[in-house]
Structures are given as C-alpha cells and as structure tokens.
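A look at the structure
As a plain string of letters, each chain reads:
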Amino acid sequence: MAIQTAIKNPLVPDYSDIEPLPDPPKRPDMEQFDGIHDFAWALGSRRKRRDGYLISGGGYLRSDAQDRGDFVPDIAYAENVGDVQRIIRRNGYVISEVGKPPDLVLEVASRSTGRRDYTVKREGYARYGVREYWRFDPSGGDYHDAPLGGDTLVDGEYQSIEILSESETRHWGYSEVLGLEIWWHEGFLRLRDPVTGEFLHRTPEESEEAIEEAERRAEAERAARVSYEARVAEMEAELRRLRGE
C-alpha cells in the first residue's frame, strides 16, 4: 500500500493556524478615504526600506483574543513587529500576539464618530499603550474638538502634543514616532519632512496643477519643435534656390 506524506517547505511560512478576526462594520459617512489612502501610501513610501513595519487600517485593534472591543483605527502604524503577514492575515491587530501595541494610531473624524474619537478612543488607546494618538478633522473642528490633535503617552496617560497654526487653514504638529510633521493643510491630511520642508504627497488640486503644467510644457515643446522644423525647411529651400535647383 502506498503512503503519501505531505512535506512542508520550511522556507514557506504556514499560516493555517490563523483565525481571521471579523470584518468591522462599514462606515457609510467616511468622507476622507482618499486622504487616508494617500497618507498611508506616503508613509509607506518613506518606510519602504525598513523591515518589520506595518501600516494598516480598517481592522480591529484588540488587547488579546478574548477582547471584544470595537476599536477600528483608520491608520495604525507599528515598527519592529516581526511577521507582518501574520498580522495582515489575522485581519486585525491583536497586541498580545504581536508582542507590542501600535506605535501610532490616527483617526479621521466623521459626523457619527467624531466625539468618540477624542473621548472614549483616546482613553482606550492610552490603556492599550499606543505611544502616539493623532486626530484629524476634515471639517475643521465641527466633529472633533479641534482640526488637528495629537497625544503622546507619558506614564500611561496621554499628554497633548503642541499643535502650531500658520493660519486658519494650516495647522501641524511633530510626530516623534514618524520623525515627520502631521498637517491639517487646507482640509487635507498631509505629511511633511521637517528637514526639506517638502510635503510627501500632493493634494488633488496640486496634482491637477502639476498635470496642467506638464501639459503646458509638452505643448510648448511641441510648438518649439514645429517652429524649428519649419525654420529648417525654410533654410533648405533657400539653399536649393541659391544653388539654382
């Protein structure tokens, strides 16, 4: 009788033991999905050369497998978390399994969740040990208590991070976790390099302006090329005339 034996490849991780967490309820009033995506993309581009970092959102954050809390960060960022794929396949961040809480959590306000973000969730993330907690309100403060807020964990309690205002439409604070400035920039959530002073991604308006500028440049180059070719043709015609051709 033939006996078949399954031999596992030791180089390929086995995630068959993972039981994914349920998908959280969808938020019908999420107004800033594109902004969250752009923020996460910019941060990921900045961290792409590092191993063991995680940028996630839309999944539960829980202390352990028995925790039935309903905290669902818009963005959770963690460094030195080991097997990132195991966390992704878990469909959520379980602190006891990862071995540490996220280093940073960011929530984007909506009409239905705004007050809870800066009260209940602020207390909960402090209890979980999240080092920095940031809040962004696209409405400018109608949903949260301010357009932009940040806290850093000190002895188990949050202390406010200083938020500077350049104008009524530009507010920012410095994140020690990220080494970057987090901005409320004319209603957009943005990251800025404090060394270069450059934002890591464009707003939709800036992207549109960049496209229009590229099109203007391309049109000018086409016009210059047509003018040059016409001038060359004129010179060649003049040479032929002088030669009596």
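Our subject in this report is the structure included herewith.

The rules we used
Residues numbered from 1 in each chain as written. Predicted model: local features only at pLDDT ≥ 70, side-chain atom pairs only at ≥ 80, totals over all residues. Heavy atoms only, no water. Helix = DSSP H or I, 4+ residues; strand = E, 2+ residues; numbered from the N terminus. Buried < 20%, exposed > 50% of the residue type's maximum accessible area, 1.4 Å probe, protein only. Contact = heavy atoms within 4.5 Å. Areas by Shrake-Rupley, 256 points an atom, 1.4 Å probe, with all protein chains shown as cover. Polar contact = N/O pair within 3.5 Å; in protein donor to acceptor, adjacent residues only side chain to side chain. Pairing = 2+ DSSP bridges. Axes fitted to C-alpha atoms, helices over the stretch in contact; angles between N-to-C directions. Core = buried A, V, L, I, M, F, W, Y, C linked by side-chain atoms within 4.5 Å. Phe/Tyr/Trp six-rings, centres within 6.5 Å; stacked < 30°, edge-to-face > 60°.

**A closer look at the overall build of the protein chain**
The number of helices and strands found in the protein chain is six helices and twelve strands. The proportion of buried residues among the 245 residues of the protein chain is 39%. Nonlocal contacts in the protein chain, meaning residues at least 24 apart in sequence, comprise 58% of its contacts between residues at least 6 apart. As displayed, the protein chain offers around 15300 Å² of accessible surface, 49% of which is attributable to carbon and sulfur atoms.

**So, the environment of arginine 111**
Tracing the backbone shows arginine 111 in the loop between strand E5 (104–108) and helix H4 (114–117). On the basis of relative accessibility, which here comes to 66%, the residue arginine 111 falls in the exposed class. For the pair arginine 111 and serine 139, spaced 28 residues apart in sequence, the C-alpha separation works out to 9.2 Å. In terms of polar contacts, arginine 111 uses its side chain to reach the side chain of tyrosine 143, at 3.2 Å.

**Things to note about the sheet that holds strand E12 (residues 188–192)**
Through backbone hydrogen bonds, the strands of a sheet pair up, either in parallel or in antiparallel fashion. One open sheet holds the four strands; their spatial order is E9-E10-E11-E12, and the pairing between them is antiparallel. Edge positions in the sheet fall to strand E9 (164–167) and E12, since each has one partner strand and no second. Ignoring which end each strand starts from, the neighbouring axes of this sheet average 25 degrees apart. Where strand E11 (residues 180–185) meets E12, five bridges bridge the pair, whose relative direction is antiparallel. Bridge pairing in E12 places tryptophan 183 opposite arginine 190.

**Focus: the nonpolar core**
Counting residues in hydrophobic clusters, the biggest one holds 21 residues, and the most contacted among them are Leu106, Leu178 and Leu191. If you list the elements that add at least two residues to this core, you get helix H1 (33–47), strand E3 (75–78), E5, strand E6 (132–136), E11 and E12. Considering each element in turn, this core owes the most residues, four residues, to H1. Discounting residues that sit within four places of it in the chain, leucine 178 has contacts with Leu43, Arg47, Tyr77, Leu104 and Leu191.

**Here's the deal with the sheet that holds E6**
Read from one edge to the other, the open sheet built from six strands follows the order E1-E3-E5-E6-E7-E8, with strand pairing classed as mixed. At either end of the open sheet lies a strand with only one pairing partner, and these are strand E1 (54–56) and strand E8 (157–160). On average, each strand axis in the sheet is inclined to that of its neighbour by 20 degrees, with strand direction left out of account. Inspection of the sheet shows E6 paired to strand E7 (residues 148–154) by five bridges, in the antiparallel sense. Within E7, the residue paired with glutamate 132 across the bridge is threonine 152.

**Some remarks on unusual backbone geometry**
A positive phi angle is found at asparagine 80, which is not glycine, with a value near 55 degrees. With respect to the helices, strands and loops of the structure, asparagine 80 is situated in the loop between E3 and helix H2 (84–90). With a relative accessible area of 64%, asparagine 80 lands in the exposed category. Positive phi is not limited to glycine here, since glutamate 186 has a value of about 55 degrees. Among the structural elements, glutamate 186 can be located in the loop between E11 and E12.

**Things to note about the packing of aromatic side chains**
The final tally for this structure, using the stated rule, is six aromatic pairs. Taken together, a centroid distance of 5.9 Å and an interplanar angle of 70 degrees make the contact between phenylalanine 71 and tyrosine 128 edge-to-face. Here tyrosine 128 lies in helix H5 (residues 120–128) and phenylalanine 71 lies in the loop between strand E2 (60–62) and E3, a separation of 57 residues in the sequence. An identical accessibility class is assigned to phenylalanine 71 and tyrosine 128; each is buried. Each ring, one from tyrosine 125 and one from tyrosine 133, has its centre 4.9 Å from the other, and the planes form 65 degrees; the classification is edge-to-face.

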